[in-house]
Amino acid sequence: MTSKWERIKDNDGFAAEDVRREQEWRKRRKLEKQKKQAELLHKESYSSFDVRSFILNQSGQLHSCDSIDSYEVLNKIEEGSYGIVYRARDKRNKNIIALKKVKLEKDYVEGFPITSLREIQSLKLVQHDNIVKLLDVVTGRSGKDVYLVMEFMEHDLATLLKDMPEDFLQSEVKTLMLQLLAAVATLHHHWFVHRDLKPSNLLMNNTGEIKIADFGLARSLGEPKPQLTRLVVTLWYRAPELLLGAPSYGKEIDMWSVGCIFAELLTRSPLFNGRSELDQLSKIFNFLGYPTHESWPQFFLLPHASQVKQPSVKSQHSQLRSAFPFLTAAGHDLLSRLLTLNPAHRITAEEALQHPYFTEAPRPKDPRFFPTFPSKAKGEHRKEWNRRSDEEYTHTQRPPN
Ligand SMILES: Nc1ncnc2c1ncn2[C@@H]1O[C@H](COP(=O)(O)OP(=O)(O)OP(=O)(O)O)[C@@H](O)[C@H]1O
């Protein structure tokens, strides 16, 4: 006969063993699910079964997996490489949203692009005020087409920079940069690299908010380290280590792109507009100077280093100061830390957010006081717009009428 005390001990022991087994089983199941998802993300083409199971798995936290019939298309915004983007209205609540139709190679069964699966996965996993929100993933009437439903943004920065009659004010550039850096810091904190940061992938609304979009190339840098392809990032925003054929790379490539975007926000023209990889490299080295054994020892070991012509003696030094004469010393410092050739010395998003450039005058402008611009996405035409200078803004601190 076992005593009451011994029975309780037994029961406790039994319960604890049960809990431990259940926890182990759950852990194993989670790992298996993650492994399947990872395998799926490494495949280059997908069967309809893959896509359906992926979307169903991924849409767990999304609002539904509805059909396109819930939306009324208003106009086409843009046709990109991976999809057509429309402005549309949600018939149920009248909200304006953006619909991105995923471009399929031939037909659904032949393959669903990896970029779209990555976009769905990244947008679901990393959420931030300055990252465009994925609201839903829906299928077309035939069940073959797939659409990403996203919050609608009036502008993309590439169109805005092209159409604006005058440059952004320093205070506005600071606000935009702070938002961009905050989003990139969050991405990097979650071990994601965007890999295609450029003005056309930065969306802006009429209240001065910017959000990063187009996560088709985004990748997780989790363990085990995936084999990363070099053919990422639009040429003009591509970091030198990628252009030089570095076998591995990391978050630093996004920071180089942020540096190019910072320069473009200041001048409204791209900083390095190369026509080929070699041309891009020579533009970079002509402007920033050629790496030395001290500044970037690994440079000389990179596959394409020997193909790059060393610039003339005259351009051995950085031309950052002369190209941006209106920028303060702090502004130059931030720009040169972002555009540091050696990725190991490039500033991180977290560090950049703390840079003194953002606390010196003129202070970043409250996004609510940004001017409004005519929206290409809404089919509006370019028209005159007014806003206050940094001096006026500092004096009044009130929104323009
Ligand atoms: N949520 C949105 N709201 C408003 N416009 C958007 C939205 N998402 C995308 N766009 C518009 O569509 C364009 C293309 O979108 P996106 O970059 O996601 O597509 P893509 O096919 O991946 O393009 P790319 O050819 O640049 O890789 C953007 O530059 C922007 O003008």
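For clarity, every value in this text was computed on a predicted model and none was experimentally measured.

**Some words on the sheet that holds strand S8 (residues 202-204)**
In step 1: Read from one edge of the open sheet, three strands run S6-S8-S9, paired in antiparallel fashion. Lying at the two open borders of the sheet, with one neighbouring strand each, are strand S6 (155-156) and strand S9 (210-212).
In step 2: Across the sheet, helix H5 (residues 170-189) is in contact with S8 and S9; its angle to S9 comes to roughly 30°.

**Regarding helix H10 (residues 329-338)**
In step 1: When H10 is considered as a whole, its buried residues turn out to be Ala330, Gly331, His332, Leu334, Leu335 and Leu338.
In step 2: Contacts from the buried residues of H10 go to H5, helix H7 (252-267), helix H9 (320-323) and helix H11 (349-353).

**A short note on the side chain of Asn205**
In step 1: Inspection of the secondary structure assignment puts Asn205 in the loop between S8 and S9.
In step 2: Note on Asn205: relative accessible area 11%, which makes it buried.
In step 3: Within polar-contact distance, the side chain of Asn205 engages the backbone nitrogen of Thr207 at 3.0 Å.
In step 4: Those residues in contact with Asn205 that lie beyond four places of it in its chain are Met153, Glu154 and His155.

**A short note on the domain arrangement of the protein chain**
In step 1: Taken domain by domain, the protein chain holds domain 1 (55-151) and domain 2 (155-375).
In step 2: Taken residue by residue, the interface counts 18 residues in domain 1 and 19 residues in domain 2.
In step 3: Here domain 1 packs against domain 2, burying approximately 1,500 Å² in sum over the two surfaces, 60% of which is carbon and sulfur.
In step 4: Among the residues domain 1 hides against domain 2, the three largest losses belong to Arg118, Val126 and Asn130. Together they make up 35% of the total.
In step 5: Summed over the shared surface of domain 1 and domain 2, the result is two salt bridges.
In step 6: Two residues, Glu151 and Lys211, come together in a salt bridge whose shortest N-O distance is 3.3 Å.
In step 7: On the surface where domain 1 and domain 2 come into contact, there are six residue pairs in polar contact (both at pLDDT 80 or more).
In step 8: Classifying every residue of the side of domain 1 that touches domain 2 by side-chain character gives six nonpolar, six polar and six charged.

**Brief notes about the nonpolar core**
In step 1: Among the nonpolar cores identified, the biggest contains 85 residues, and Phe168 and Met177 are the most heavily contacted of them.
In step 2: Per-element tally for this core: the top contributor is H7, with 10 residues.
In step 3: Core analysis: the second largest hydrophobic core is formed by 10 residues, Ile68, Tyr86, Ile97 and Val138 among them.

**So, the pairing of strand S5 (residues 146-151)**
In step 1: Of all six residues making up S5, six are buried, and the element is well covered by its neighbours.
In step 2: As defined by bridge partners, strand S3 (residues 96-102) adjoins S5 across five bridges and the pair is classed as antiparallel. Directly across from Ile97, in S5, lies its bridge partner Glu151.
In step 3: Of the strand pairs in this sheet, strand S4 (residues 134-139) and S5 are connected by five bridges, and their pairing is antiparallel. Each residue of the ladder has a partner; that of Val137, found in S5, is Leu148.

Reading the values: the criteria
Residues numbered from 1 in each chain as written. Predicted model: local features only at pLDDT ≥ 70, side-chain atom pairs only at ≥ 80, totals over all residues. Heavy atoms only, no water. Pairing = 2+ DSSP bridges. Helix = DSSP H or I, 4+ residues; strand = E, 2+ residues; numbered from the N terminus. Contact = heavy atoms within 4.5 Å. Axes fitted to C-alpha atoms, helices over the stretch in contact; angles between N-to-C directions. Buried < 20%, exposed > 50% of the residue type's maximum accessible area, 1.4 Å probe, protein only. Polar contact = N/O pair within 3.5 Å; in protein donor to acceptor, adjacent residues only side chain to side chain. Domains from an automatic or database assignment. Buried area = accessible area lost by both parts, 1.4 Å probe. Salt bridge = Lys/Arg side-chain N within 4 Å of Asp/Glu carboxyl O. Nonpolar A, V, L, I, M, F, W, Y, C, P; charged D, E, K, R; others polar. Core = buried A, V, L, I, M, F, W, Y, C linked by side-chain atoms within 4.5 Å.

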